[in-house]
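Geometric and topological summary
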Amino acid sequence: MKIILTFLCLALLAFPHPANAFKRVFLTSGDPGTWTVVSGWSDVNVIEAIGAGGGGGDGGTNDGGAGGGGGAYAVISNLAGLSIGASVTYQIGSTTLAVGNGVTGAKGGDTWFNYSGASKICVSGMSVCAQGGAGGPGSSGGSGGAGGLASAGIPASCAGCFNGGTGGIGNNSDGSGGGGGAAGPY
């Protein structure tokens, strides 16, 4: 153990890591929003997006609704063409709650980055986009909402992109299904 710690200390001294080796920026709200490209930005980067989960269904007076599907995960690396100080438009997907007896939950919003059009869903021209999950049905016994699909996002054929989880089934004794898990890098 002492040898390993000594080696690690020597390695850190021999190969110091500058405090500004990388920047991590989290965009957590915006429908849409704008982000100003930070100083130190380079074409060596990773941009990740997670779609919003679908809303749970309202099963009615004595029935539990099904859970909404989880949002998909999308990622791109080395996005080129953004200059420091430029303004980039993005959207963080959100979920609207179901209201009323027997109502199906709303689809979770898609999350995207770097797009100048008016679309709220994943379309060509976005640098990265993760699809939101489907809403849970408002009837008991029905399957839960489907998770957002990686193949419906951008890039559509991404080895590191993943589907969101399927929502849980509601039942007829006031038990509602749980929401599907959001996808992530692992």
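Scroll up a little and you will see the structure.
Just so we're clear, the structure is a prediction, and the values are computed from it rather than from any experiment.

What follows covers the overall build of the chain. Counting secondary structure elements, the chain contains 1 helix and 6 strands. Seen in sequence order, the chain has helices and strands lined up from the N terminus as α-β-β-β-β-β-β. Looking at the chain as a whole, 38% of its 186 residues qualify as buried. Considering only intrachain contacts with a sequence separation of at least 6, the fraction spanning at least 24 residues in the chain is 68%. Carbon and sulfur atoms make up 59% of the accessible area of the chain, which amounts to about 10,200 Å² in all.

Now for the side chain of Thr111. Tracing the chain through its elements places Thr111 in strand E5 (residues 111-113). A polar contact is formed between the side chain of Thr111 and the backbone nitrogen of Gly93, at a distance of 2.9 Å. Once residues within four sequence positions are removed from consideration, Thr111 is found in contact with Ala49, Ile50, Gly51, Ala52, Gln91, Ile92, Gly93, Val128, Cys129 and Ala130.

All right, on to the state of the cysteines then. All told, the structure shown has 2 disulfides when counted by the stated rule. Along the chain, the cysteines engaged in disulfide bonds are linked according to the scheme 1-2, 3-4 when indexed in sequence order.

Once that is clear, we can look at the sheet that holds strand E6 (residues 128-130). Strands sit in the order E1-E4-E5-E6 across an open sheet of 4 strands; the sheet is antiparallel. Each edge of the open sheet carries a strand with a single partner, namely strand E1 (33-36) and E6. Here the average twist between neighbouring strands, direction ignored, is 20°. Two strands pair when backbone bridges link them, and E5 and E6 are joined in this way by 3 bridges, in the antiparallel orientation. Its bridge partner lying in E6, Phe113 is registered against Val128.

As a further point, take the packing of aromatic side chains. Counted by the stated rule, this structure contains 3 aromatic pairs. Both rings, one in Trp35 and one in Trp41, keep their centres 5.7 Å apart while their planes meet at 70°; by these two values the pair is edge-to-face. Each member of the pair, Trp35 together with Trp41, is buried. Their ring planes at 55° and their centres at 5.9 Å tell us that Trp35 and Phe113 sit as a pair that is tilted. Here Phe113 lies in strand E5 and Trp35 lies in strand E1, a separation of 78 residues in the sequence. The two residues Trp35 and Phe113 agree in class, both being buried. Among the aromatic residues, those joined into a ring-pair cluster are Trp35, Trp41 and Phe113.

Let us look at the nonpolar core. Counting 20 residues, the largest nonpolar core has Trp35, Ile47, Leu82 and Phe113 as the members making the most contacts within it. Going through the elements one at a time, strand E2 (46-50), strand E3 (73-77), strand E4 (87-91) and E6 are the ones with two or more residues in this core. The element that contributes the greatest number of residues to this core is E3, accounting for 4 residues. Apart from residues no more than four positions distant in its own chain, Ile47 is found in contact with Trp41, Ala74, Val75, Ile76, Leu79, Phe113 and Val128. Core analysis: the next-biggest nonpolar cluster, separate from the first, contains 6 residues, Tyr115, Cys122, Cys129 and Ile154 among them.

Before going further, it helps to examine the pattern of salt bridges. Under the criterion given, the structure shown has 2 salt bridges. For Lys120, the salt bridge identified is with Asp31, shortest N-O distance 2.9 Å. Of this pair, Lys120 sits in the loop between E5 and E6 while Asp31 sits in the loop between helix H1 (2-14) and E1, and the two are 89 residues apart along the sequence. Exposure remark for Asp31: the relative accessible area of 45% places this residue in the partly exposed category. Ionic pairing is found between Lys107 and Asp110, a salt bridge with its closest N-O pair at 2.7 Å. On the basis of relative accessibility, which here comes to 3%, the residue Asp110 falls in the buried class.

Definitions and cut-offs
The residue numbers shown here count from 1 along each chain, following its written sequence. For this predicted model, a pLDDT threshold of at least 70 governs which residues receive local features, and a threshold of 80 or more governs which side-chain atom pairs are given and counted, while totals over whole chains, interfaces and linings are taken from all residues. In computing side-chain properties, one takes all heavy atoms of the structure into account and sets aside hydrogens as well as water. In this description a helix means any DSSP run of H or I spanning at least four residues, a strand means any run of E spanning at least two, and both kinds are numbered starting from the N terminus. Accessible area is worked out with a 1.4 Å probe on protein chains only. A residue is then buried under 20% of its type maximum, exposed over 50%, and partly exposed in between. A contact between two residues is defined here by any heavy atoms of the two lying within 4.5 Å. The Shrake-Rupley method, run with a 1.4 Å probe, gives the accessible areas here. Residue values count only the displayed protein chains as cover. Counted as a polar contact is a pair of N or O atoms within 3.5 Å, where, for protein atoms, one must be capable of donating a hydrogen and the other of accepting one, and residues adjacent in sequence contribute only when both atoms are in side chains. Disulfides are defined in this document as cysteine sulfur pairs within 2.5 Å. Strands are treated as partners if at least two bridges between them are detected by DSSP. The convention used is that axes are lines fitted to C-alpha atoms, helices contributing only their stretch in contact, and that angles between N-to-C directions extend from 0 to 180 degrees. Aromatic pairs are defined between Phe, Tyr and Trp rings, using the six-membered ring for Trp, whenever the two ring centres lie within 6.5 Å; interplanar angles under 30 degrees are classed as stacked, those over 60 as edge-to-face, and all others as tilted. Only buried residues count toward a nonpolar core, which is a set of Ala, Val, Leu, Ile, Met, Phe, Trp, Tyr and Cys residues joined through side-chain atoms within 4.5 Å. The salt bridge definition used is simple: a Lys or Arg side-chain nitrogen within 4 Å of an Asp or Glu carboxyl oxygen.

Purely spatial values, then, with no claim about function.
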